[in-house]
Amino acid sequence: MRFQSLQQLKELCESERVTMAELMITEQMHESAQPRAAIVKQMSDYYQVMKEAVHKGIHEPVKSRSGLTGGDAKRVHDYMSGGASSLDEAACRALAYALSVSEVNASMGRIIATPTAGSCGIIPGVFVSSQQRFGWSDEHMVNGLFTAGAIGYVIANSSFVSGAEGGCQAEVGSAIGMAAGALTELRGGSPEQALHAVGLALKNCLGLICDPVAGLVEIPCIVRNGFGAVTALAAADMALAGVRSVIPSDEVIGVMLQVGRAMPSQYRETAQGGLAQTPTGQKLAKQWSSPEGEQEG
Amino acid sequence: MRFKDVFSIIGPSMIGPSSSHTAGAVRIGRVARHLAGGLPEKADIYLYGSFAETYRGHGTDLALAGGLMDFHTDDARIKDSLELAEQAGMEVVFHPMTQPLPHLHPNTARLVIQRKGNTFEIAGCSIGGGNIEIVQINGYAISFTANYPTLLIFHEDRKGMIALMTHILQQYDANIGFMKVERKSRSGDVLTVIELDDAKDREIVKQLRMLPHVRAVHFIHLGEGERE
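Rules and cut-offs
- Residues numbered from 1 in each chain as written.
- Chains lettered and ligands numbered in written order.
- Predicted model: local features only at pLDDT ≥ 70, side-chain atom pairs only at ≥ 80, totals over all residues.
- Heavy atoms only, no water.
- Pairing = 2+ DSSP bridges.
- Helix = DSSP H or I, 4+ residues; strand = E, 2+ residues; numbered from the N terminus.
- Axes fitted to C-alpha atoms, helices over the stretch in contact; angles between N-to-C directions.
- Contact = heavy atoms within 4.5 Å.
- Buried area = accessible area lost by both parts, 1.4 Å probe.
- Salt bridge = Lys/Arg side-chain N within 4 Å of Asp/Glu carboxyl O.
- Nonpolar A, V, L, I, M, F, W, Y, C, P; charged D, E, K, R; others polar.
- Expected span 1.5 Å × (residues − 1).
- Buried < 20%, exposed > 50% of the residue type's maximum accessible area, 1.4 Å probe, protein only.
- Phe/Tyr/Trp six-rings, centres within 6.5 Å; stacked < 30°, edge-to-face > 60°.
- Lys NZ or Arg CZ within 6 Å of the ring centre and 35° of its normal.
- Domains from an automatic or database assignment.
- Polar contact = N/O pair within 3.5 Å; in protein donor to acceptor, adjacent residues only side chain to side chain.
- pLDDT = per-residue confidence, 0-100.
- UniProt positions renumbered as here; feature names shortened; annotations may be inferred.
- Parallel < 35°, antiparallel > 145°, perpendicular 65-115°, else oblique.
- Left-handed = near helix turned anticlockwise from the far one by under 90°.
- 1 Å grid on protein atoms, 1.4 Å probe; cavity = no way out; pocket = protein on both sides within 12 Å on 5 of 7 lines; lining within 4 Å.
- Points joined across faces, edges and corners; volume = space filled by probe spheres on them.

Turning to the sheet that holds strand E3 (residues 91-96) of chain B, a few remarks are in order. Residues and elements named next belong to chain B. One open sheet accounts for 6 strands, arranged E3-E2-E4-E5-E6-E7; its pairing is mixed. With one partner strand each, in any of the chains shown, E3 and strand E7 (140-144) form the two edges of the open sheet. Across the sheet, the mean angle from the axis of one strand to that of its neighbour is 20°, orientation sign disregarded. Relative to strand E5 (residues 118-128), strand E4 (residues 107-115) is paired through 8 bridges, and the arrangement is antiparallel. Counterpart to Val112 in the pairing with E5 is Glu121. Contacts from helix H2 (residues 50-58) reach strand E2 (42-49), E3, E4 and E5 within the one sheet, and its direction differs from that of E2 by about 110°.

Excluding glycine, a negative phi dihedral is what most residues carry, and trans is how most peptide bonds are arranged. Residues A:Thr114 and A:Pro115 are joined by a peptide bond in cis, for which omega reads -5°. Take A:Pro115: it is sitting in the loop between strand E1 (110-112) and helix H6 (122-134). The amide bond that connects B:Gly16 to the next residue, B:Pro17, takes the cis arrangement and shows omega of 10°. Considering the arrangement of structural elements, one finds B:Pro17 in the loop between strand E1 (13-15) and helix H1 (19-36).

Contacts between chain A and chain B engage 59 residues on the former and 48 residues on the latter. Here chain A and chain B share an interface that buries about 4300 Å² over both sides, 55% of which is from carbon and sulfur atoms. The interface formed by chain A and chain B holds 1 salt bridge in total. Among the ionic pairs, B:Arg2 bridges to A:Glu165, the shortest N-O distance being 2.9 Å. If one sorts the elements of the side of chain A that touches chain B by residue count, helix H7 (residues 138-158) of chain A sits on top with 8 residues. When the residues that make up the side of chain A that touches chain B are grouped by side-chain class, the tally is 29 nonpolar, 22 polar and 8 charged. In terms of strand pairing, E1(A) meets E1(B) through 3 bridges, oriented antiparallel. Looking at E1(B), one finds that A:Arg110 is bridged to B:Ile15.

For H7(A), built from 21 residues, the straight-helix expectation of 30 Å at 1.5 Å per residue is met to within 8% by its first-to-last C-alpha distance of 30 Å. A large share of H7(A) lies buried, amounting to 15 of its 21 residues.

Once that is clear, we can look at the packing of aromatic side chains. Tallied over the full model, the rule gives 6 aromatic pairs over all chains. Aromatic pair B:Tyr55 and B:Phe94: ring centres 6.2 Å apart, planes at 20°, arrangement stacked. Placement of B:Tyr55 in helix H2 and of B:Phe94 in strand E3 is noted, with a sequence separation of 39 residues between them. Here B:Tyr55 and B:Phe94 have matching classes, each one buried. An aromatic cluster is defined as three or more aromatic residues linked by ring pairs; in this entry it consists of A:Tyr46, A:Phe146 and B:Phe7. Here the basic side chain of B:Arg110 rests over the ring of B:Tyr46, its NZ or CZ set 4.4 Å away from the ring centre. The ring of B:Tyr140 carries B:Lys184 above its face, with NZ or CZ at 4.5 Å from the centroid.

All names here are of chain B. Once the domains are mapped, chain B shows domain 1 (8-144) and domain 2 (150-220). With both chains or domains summed, domain 1 and domain 2 bury close to 1200 Å², and 73% of this area falls on carbon and sulfur atoms. Our count for the contact surface shared by domain 1 and domain 2 stands at 0 salt bridges. Put simply, domain 1 and domain 2 have 1 residue pair in polar contact (both at pLDDT 80 or more) between them.

Taken residue by residue, chain A gives an average pLDDT of 95. The fraction at 70 or more is 97%. Counted against residues more than four places away or in other chains, residues 292-297 of chain A, with its pLDDT under 50, gives 13 contacts.

Turning next to the UniProt feature "domain: Serine dehydratase-like alpha subunit" (unreviewed entry) in chain A. Sites flagged by UniProt as "domain: Serine dehydratase-like alpha subunit" (unreviewed entry) map to residues 17-276 of chain A. Overall, residues 17-276 of chain A shows 65% helix and 1% strand. The separation of its end C-alpha atoms is 48 Å.

Bringing the packing of H7(A) against helix H12 (residues 249-262) of chain A into the picture now. Residue and element names in this part refer to chain A. It is at 9 Å that the axes of H7 and H12 come closest, and there the two elements cross at 40°. Taken together, the axes of H7 and H12 are oblique relative to one another. In the crossing of H7 with H12, the sense of the turn from one axis to the other is right-handed. Listed contacts from H12 to Val154, Ile155 and Ser158 of H7 are Asp250, Ile253, Met256 and Leu257.

A few words on empty space enclosed by the protein. One pass over the full model with this rule turns up 1 cavity of 30 Å³ or more. Lining the largest cavity are 24 residues, with A:Gly118, A:Glu171, A:Cys210, A:Cys221 and A:Glu269 sitting closest to its centre. At the level of elements, helix H9 (168-186) and helix H11 (221-241) of chain A together with H1 of chain B are the ones that each hand at least two residues to the lining of the largest cavity. Looking at the lining of the largest cavity element by element, the count peaks at 3 residues for H9(A). Considering only residue class, the lining of the largest cavity consists of 9 nonpolar, 11 polar and 4 charged.

And the structure:
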């Protein structure tokens, strides 16, 4: 890849007068030595899996493997359909869809890691709801996935994308930044505006710990995906309105790395701290963590 | 670069719930399967760190067994892999370990597998997003991701071995993206790991096996993203 930072990505797009999506497709063709059609086909297949997961959680609510979670996507969707939600329908739909995909994930259903399974709801939530609202084609959405991938590529290689390494800020935070930047470009924003959207979104996630109850990708992961989708919409709106991320997005990514490295291990997916160690969290963990009796030295 | 392309960020397509504890575990299992060259008769799986603590809730056990069955990360049969493994004649035993392996990533599995009288040992870390790093094979400290077709060549430490091997690769128009030579001692045993840009003629493996001082050649090619 010819870019390692978001600034380099933006400059390449500007000098070659292409979108970030187009640049990512060209770079992927070069890296994989595969034709454009094969790469686009794989991404299109992935988008179909995302749409199926959105549909499944809303229309055939699933219980998680542990039985601890499930059905919240449908609850939010039904509530929205009743016209009572404080969020407008577009944002509420993004929320419900993100919850849906995360619930399908927790039930050992099929999803696309974006960039991880723990954060798999945010991009589908934002994309599928925006596609419905703006009447976009699947082709347009697939382009958006390449934009999201380009942003995620920079974040993953400059910092991290897993909760075990950098906390939830790295996992859910990366997905929100990717969704925000991609939505900005999908709506016609410039690469510069997309970068501001990434920076704004990430700043709102810094420091978020990964503290899953019983170590499962359920509590609080599922609701954080829902909130994350709404945050991505807000960041894209700010960037399209002309709000700038005064601290450049690459520098914010650097902060995420710094904060993640300083984060004690009990807040990095080990379930040794945070929500996982509350009285209720411990009680649930007793039912579902791997049995102590089997442990060996 | 730890993450090399767009599909290591968007993707893999997978059965949940965790890209590191489920999808990454499937891929570690598949590498072990390909190292053994077929379905093992027995697999002892040692789980470390977060793998040991949370394997049950994440289905890490199902994922590793599914990988040994050569299921891809998005194969719906992963949910039933332990029963399917038993039916297929593979015994799988899990050993959650309380002490971590030193200097390794928090999500690590070590597999000791037996097939047709041979024993293989492999350790892999799941580094996030379904990406893995194989860090040990049969006592050699190595490193590869299995994102590319990978040759594992066990040979003796002799002058000119690398030239002989790379000459064969050149003959088959294979480009090397990454290479590591790890030896146990001077003039002793060596494991050379070579990642190729794409899957070339399997004839390469046969040719490499015919070289003097080469003990064994394994070809790890998971073939992801090549399916319809």
